[in-house]
Amino acid sequence: MRRLLAGLAAGTFLLATAACGSSDGSGSSGKDTSSGGTTTVELGLIPIVDVAPVYLGVQKGFYDKQGLKLSITTAQGGAAIVPGVVSGQFQFGFSNMTSLMVAQSNSVPVQAVANGIASTGVQGEDFGAITVKKGSPLKSAKDLEGRKVAINTLKNINETAVRASVREAGGDPDKVKFVELPFDQMPAALDGGQIDAAMVVEPALATVKGQGGVEIASPLVDVAPDLTVAMYFTSTQYARRNPDVVKKFQQATAESLAYADAHPDEVRQIVTTYTKIPASVLEQVTLPKWPAEANRSSIEALEKLGAEDGLFTSDPDLDKLLP
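Note that the structure is a prediction, hence the values are computed from the model and not measured.

Visitor: Is there a simple way to think about the confidence of the model for the protein chain in this case?
Guide: Detailed reading of the predicted coordinates is not advisable wherever pLDDT is low. Scored by pLDDT, the protein chain comes out at a mean of 88, with 88% of its residues at no less than 70. Every residue in residues 1–35 scores below 50 in pLDDT, and together they form 99 contacts with partners more than four places removed in sequence or on other chains.

Put into structure tokens, the structure is as follows:
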């Protein structure tokens with residue numbers, strides 16, 4: 001297990017954008033920490049637009065109402081969050097679905113507990129896209145054959161999604177030259193010609209478009225309609241020992257998701273409080289969807305593609321992984 005978690009931390013999981021500060025990483029046990037009966041839980045998050053509902057939920061008192069106090073630690077990606085949840089450093093975390101399925105297929109004891117984000121399901125209007133620089137001869141995903149394409153993490157959700165778009169366009173994804181690059185470095189690399197294309201998510205997508213870049217495919221949409229991209233999760237041990245806390249977290253998060261989905265202007269404002277994304281860029285950002293429930297059929301489609309890409313050592317058990 002130690003070797004496995006080390007491997008996961010080396011880069012199996014989704015990396016993110018904005019560089020933000022983090023806490024000292026010390027985890028709580030999730031026990032009552034005040035005379036009022038409030039339970040403090042450690043939550044590992046990636047400082048990107050996706051997790052805005054949690055910050056809104058804290059601001060609006062949705063977690064307080066459930067008797068929960070969130071102690072949030074930010075990390076660049078799930079590479080730190082998943083092992084942190086499994087070890088007990090965090091009680092809850094946020095990760096993309098491919099990462100969770102990879103972990104679960106390797107017998108890492110994780111369990112999704114609440115929905116995270118979903119694709120908009122609209123071609124050309126999603127929060128993630130394959131982009132090329134202004135004037136590029138590349139016009140479709142098929143043109144990526146033999147080209148250098150940046151993704152944030154190799155052998156994960158974004159590589160699977162790009163490969164799906166290439167297949168959809170009639171190309172051979174095995175001919176694509178994937179390179180690993182953090183999202184926030186992609187706009188400059190694309191503009192400077194170090195890469196031919198980039199699979200970017202917001203807010204890097206808005207940055208690319210702002211410098212004249214062009215979108216040529218919507219990979220998350222190509223994977224499945226209304227794809228469930230990420231979820232909040234805990235360890236199976238914590239879920240078994242603390243069902244009441246898990247239920248409270250689920251209820252508060254569901255309320256937060258619904259509020260965020262109905263108040264996009266407040267989402268854009270709250271993001272400025274935990275990232276360094278300029279408000280002017282946020283105005284151009286395409287927000288993801290925050291549905292209350294995960295779309296299982298879309299996760300099954302993602303699982304099938306991940307299996308084709310050789311990501312799993314055994315078939316993930318979605319009945320055990322999903323709430």
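Structure's up, so let's keep going.
Visitor: Looking at this model, I keep getting lost on the nonpolar core. Mind explaining?
Guide: What tends to happen in soluble globular proteins is that the nonpolar side chains get buried as a cluster. Residues F92, V110, L144, F249 and V271 are the most contacted members of the largest nonpolar core, which totals 103 residues. Top contributing element to this core by residue count: helix α11 (residues 243–262), with seven residues.

Visitor: Can you help me understand helix α6 (residues 157–168) in this one?
Guide: Side chains three or four residues apart in an α-helix point the same way, a direct result of the helix having 3.6 residues per turn. Here α6 is 12 residues long and its end C-alpha atoms lie 16 Å apart, about the 16 Å a rise of 1.5 Å per residue gives. Burial runs high along α6: 10 of the 12 residues are buried. Within two residues after α6, G170 carries a phi angle of roughly 90°, on the positive side.

Visitor: Explain the packing of aromatic side chains here, please?
Guide: Summed over the entire model, instances satisfying the criterion amount to seven aromatic pairs. Plain terms: the ring middles of Y55 and Y274 are 3.9 Å apart, the flat faces sit at 5° to each other, and that makes the pair stacked. Of the two residues, Y55 is situated in helix α2 (residues 52–60) and Y274 in the loop between α12 (264–271) and α13 (279–282); the sequence distance between them amounts to 219 residues. Pairing F92 with Y238 gives two aromatic rings, centres 5.7 Å apart and planes at 80°, and the pair type is edge-to-face. Taken together, the residues F92 in strand β3 (residues 92–96) and Y238 in helix α10 (residues 236–241) connect sequence positions 146 residues apart. With relative accessibility at 10%, the residue Y238 sits in the buried group. Here the aromatic residues Y63, F92, F94, Y232, Y238 and F249 are joined through ring pairs into a cluster of three or more.

Visitor: Looking at this model, I keep getting lost on helix α5 (residues 97–105). Mind explaining?
Guide: Of all nine residues in α5, nine are buried, a share of seventy percent or more. Regarding α5, the residues found buried are M97, T98, S99, L100, M101, V102, A103, Q104 and S105. Measuring from the backbone nitrogen of T98 back to the side-chain oxygen at the start of α5 gives 3.0 Å, which picks out N96 as the cap.

Visitor: Quick question: what am I supposed to make of unusual backbone geometry here?
Guide: What you tend to see is this: most non-glycine residues have negative phi, and most peptide bonds are trans. Note the cis peptide between E202 and P203, where omega equals 10°. Among the secondary structure elements, P203 is positioned in the loop between β8 (197–201) and α8 (204–210). A positive phi angle, near 55°, is found at K155, a position not held by glycine. Residue position: K155 is located in the loop between β6 (148–151) and α6. The class for K155 is partly exposed, based on a relative accessible area of 47%. One non-glycine residue with positive phi stands out, namely D226, at about 55°. Within the secondary structure, D226 is located in the loop between α9 (219–223) and β10 (228–235). Given a relative accessible area of 41%, D226 falls into the partly exposed group.

Visitor: Sorry if this is basic, but what is going on with the pairing of strand β7 (residues 177–180) here?
Guide: Working note: regular strand, side chains alternate between the two faces of the sheet. Bridge analysis of β6 against β7 gives four bridges, and the strand direction is parallel. By the bridge assignment, I151 is partnered in β7 with E180. Since β6 and β7 lie parallel, the crossover through α6 that links them has a hand, and here it is right-handed.

Visitor: Could you clarify how one ought to interpret the pattern of salt bridges in this entry?
Guide: It is possible for side chains of opposite charge to pair when their charged atoms get near one another. Counted under the stated rule, the structure contains 10 salt bridges. Across the pair R296 and E300 runs a salt bridge, and its minimum N-O distance is 3.1 Å. Of this pair, R296 and E300 both sit in helix α14 (residues 296–308), four residues apart, which is roughly one turn of the helix. Residue class for R296 comes out partly exposed when judged on its relative accessible area of 34%. E300 gets classed as partly exposed once you look at its relative accessible area, which sits at 36%. For D319, the salt bridge goes to R296, with nearest N and O atoms at 3.0 Å. Here R296 lies in helix α14 and D319 lies in helix α15 (residues 318–321), a separation of 23 residues in the sequence. Assessed through its relative accessible area of 59%, D319 is described here as exposed. Among the ionic contacts, a cluster of salt bridges with common partners joins R163, R167, D174, E308 and D309.

Calculation rules
- Residues numbered from 1 in each chain as written.
- Predicted model: local features only at pLDDT ≥ 70, side-chain atom pairs only at ≥ 80, totals over all residues.
- Heavy atoms only, no water.
- pLDDT = per-residue confidence, 0-100.
- Contact = heavy atoms within 4.5 Å.
- Core = buried A, V, L, I, M, F, W, Y, C linked by side-chain atoms within 4.5 Å.
- Buried < 20%, exposed > 50% of the residue type's maximum accessible area, 1.4 Å probe, protein only.
- Helix = DSSP H or I, 4+ residues; strand = E, 2+ residues; numbered from the N terminus.
- Expected span 1.5 Å × (residues − 1).
- Phe/Tyr/Trp six-rings, centres within 6.5 Å; stacked < 30°, edge-to-face > 60°.
- Polar contact = N/O pair within 3.5 Å; in protein donor to acceptor, adjacent residues only side chain to side chain.
- Pairing = 2+ DSSP bridges.
- Right-handed = clockwise from strand over helix to strand, strands pointing away.
- Salt bridge = Lys/Arg side-chain N within 4 Å of Asp/Glu carboxyl O.

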